[in-house]
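Structural features, examined
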Amino acid sequence: MRGHWYDAEAGPLVRPYAMTGGRTKPGPHGVRFDLIALVAVDTQGGADEAAESLLGPEHRALLGLCRSETQSVAELAADADLPVGVVRVLLGDLLEGGHVRVSRPVPPAQLPDERILREVIEGLRAL
């Protein structure tokens, strides 16, 4: 996929604003995609191949990357060789169309306390 979006002599073949239609925020709902949010193809979302054929090449490239395995937003941006902001807008389109599902990362406030984890480890070592 490398080299698809850039030409060594001409520079970027497609400007980022052209890929997103000039949009800088994903979808009308203002969804925010964290870099570590996990994206997977939604097989139960109701989107079919006919709907997928209407998508742009950048959308289809992201779907192709997600088909092989669940990936984070950061991984998708790196693998597709696209800016993260562009990937977020494109993922918003795919999410609204029912093509992908996104698993949000666990907020730090909901993670177990480090003290509790240390006590568990010490207890396991004591066995």
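Here we summarise the structure given alongside this text. Remember, predicted model here, so these are calculated numbers, not experimental data.

Observations concerning the overall build of the chain
Each helix and strand counted, the chain has six helices and five strands in total. Shown N-terminal to C-terminal, the secondary structure of the chain runs as helices and strands in the order β-β-α-β-α-α-β-α-α-β-α. For the chain, the residues scored as buried account for 30% of the 127 residues in total. Counted over contacts in the chain with a minimum sequence separation of 6, partners at least 24 positions apart contribute 74%. Per element, the accessible surface of the chain, about 8,300 Å² overall, is 55% carbon and sulfur.

Thoughts on the pattern of salt bridges
Counted under the stated rule, the structure contains three salt bridges. As a salt-bridge pair, Asp-113 and Arg-115 come within 3.7 Å of each other at their nearest N and O atoms. For Glu-114, the salt bridge goes to Arg-118, with nearest N and O atoms at 2.7 Å. Of this pair, Glu-114 and Arg-118 both sit in helix α6 (residues 114-126), four residues apart, which is roughly one turn of the helix. Residue Glu-114 is classed as partly exposed on the basis of its relative accessible area of 49%.

A closer look at the environment of Arg-67
Among the structural elements, Arg-67 can be located in helix α3 (residues 57-68). Residue Arg-67 is classed as partly exposed on the basis of its relative accessible area, which comes to 44%. Note: C-alpha distance between Arg-67 and Val-41 (26 residues apart in sequence) is 5.9 Å.

Quick notes on the rules
- Residues numbered from 1 in each chain as written.
- Predicted model: local features only at pLDDT ≥ 70, side-chain atom pairs only at ≥ 80, totals over all residues.
- Heavy atoms only, no water.
- Helix = DSSP H or I, 4+ residues; strand = E, 2+ residues; numbered from the N terminus.
- Buried < 20%, exposed > 50% of the residue type's maximum accessible area, 1.4 Å probe, protein only.
- Contact = heavy atoms within 4.5 Å.
- Areas by Shrake-Rupley, 256 points an atom, 1.4 Å probe, with all protein chains shown as cover.
- Salt bridge = Lys/Arg side-chain N within 4 Å of Asp/Glu carboxyl O.

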